[in-house]
Amino acid sequence: MLYPKKECIKYLNVLIDNNLDWKHHIKQVCKKISSGAWAIVRLRNYVNTCTLKSVYYSLIHSHLSYCINTWGSGSSLKPLKILQKHIIRLIAKSEYRARSSPLFSQLQILQLEDIYTIEVAKHMYKFSTNHRSGLELINYCPISKIHCYETRKRVQDNYYIIRTNTKFARRSLSVCGPLIWSEVPHELKNLNFPKFKKNFKKHLILKYDT
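Here we summarise the structure given alongside this text.

Procedures and definitions
Residues numbered from 1 in each chain as written. Predicted model: local features only at pLDDT ≥ 70, side-chain atom pairs only at ≥ 80, totals over all residues. Heavy atoms only, no water. Helix = DSSP H or I, 4+ residues; strand = E, 2+ residues; numbered from the N terminus. Buried < 20%, exposed > 50% of the residue type's maximum accessible area, 1.4 Å probe, protein only. Contact = heavy atoms within 4.5 Å. Areas by Shrake-Rupley, 256 points an atom, 1.4 Å probe, with all protein chains shown as cover. Expected span 1.5 Å × (residues − 1). Polar contact = N/O pair within 3.5 Å; in protein donor to acceptor, adjacent residues only side chain to side chain. Axes fitted to C-alpha atoms, helices over the stretch in contact; angles between N-to-C directions. Parallel < 35°, antiparallel > 145°, perpendicular 65-115°, else oblique. Left-handed = near helix turned anticlockwise from the far one by under 90°. Nonpolar A, V, L, I, M, F, W, Y, C, P; charged D, E, K, R; others polar.

1. Some points on the overall build of the chain
Argument step 1. Of the regular secondary structure elements, the chain holds 11 helices and two strands.
Argument step 2. For the chain, the sequential pattern of α-helices and β-strands runs β-β-α-α-α-α-α-α-α-α-α-α-α.
Argument step 3. Split into buried and exposed, the 210 residues of the chain put 40% on the buried side.
Argument step 4. Contacts in the chain between residues far apart in sequence, at least 24 positions, make up 59% of those at least 6 positions apart.
Argument step 5. Of the accessible surface of the chain, which amounts to about 12,900 Å², a share of 55% is contributed by carbon and sulfur atoms.

Put into structure tokens, the structure is as follows:
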């Protein structure tokens, strides 16, 4: 029996479209965090910044980070980035057109692309330490198995980055995972998991001031 082709299906509350560009899911996330933005608008004149940040992590960050290592490399993220920057300006009680990077740094909040980066890095950390994160279908190949030369990348326990000619493949976790892991400072890779998360977040936020 043939079933009609669907443009989009929901799996574990993630909308998967037939082109895998995640437009439907990103639109859904925009709707969810818009309600959180409205809560911040109503509260910002009555509570301090610390409380607003707590609201942000409860009503906004939770939606931004959910399964982002699956959809966060999509090509339709611009509306979500704009909305997040608007929310950060609300929390910081800044002007509507204020530069957002210093505000992210001031509030110690990650930008959308870095939420993706840190979630992928956490996945790679768990893979490298044999603590699987639920994505066991992807098997990364250590550079040390490709050759025996003591190159910098081999010493730092990086993984082979697959070469591909298509944009779709370049956005896949099998490519982005090793690529992001290669950018993680070597000294952070030897920390325990809680310290790794904390220090890598600091590392990402430092670039907002440059």
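2. Concerning helix H11 (residues 193-206)
Argument step 1. When the terminal C-alpha atoms of H11 are compared, their 20 Å separation across 14 residues agrees well with the 20 Å that a helix rising 1.5 Å per residue should span.
Argument step 2. Elements in contact with the buried residues of H11: helix H5 (100-107), helix H6 (112-128), helix H9 (173-183) and helix H10 (186-189).
Argument step 3. Residue asparagine 192 occupies the N-cap position of H11, its side-chain oxygen lying 3.0 Å from the main-chain nitrogen of lysine 195.

3. As for the packing of helix H2 (residues 49-65) against H6
Argument step 1. Two numbers describe how H2 lies on H6: the axes approach to 10 Å, and their chain directions differ by 65 degrees. Considered as vectors, H2 and H6 are oriented roughly perpendicular to each other. Crossing of H2 over H6 shows right-handed handedness. Of the residues in H6, those touching H2 at Tyr56, His61, Leu64 and Ser65 are Leu112, Ile115 and Glu119.
Argument step 2. Class assignment for the residues of the contact of H2 with H6 results in four nonpolar, two polar and one charged.

4. So, unusual backbone geometry
Argument step 1. Unusually for a residue other than glycine, leucine 12 sits at a positive phi of about 55 degrees.
Argument step 2. Inspection of the secondary structure assignment puts leucine 12 in the loop between strand S1 (8-11) and strand S2 (14-17).
Argument step 3. Here tryptophan 22, not a glycine, exhibits a phi torsion of approximately 65 degrees, which is positive.
Argument step 4. Positionally, tryptophan 22 belongs in the loop between S2 and helix H1 (23-43).

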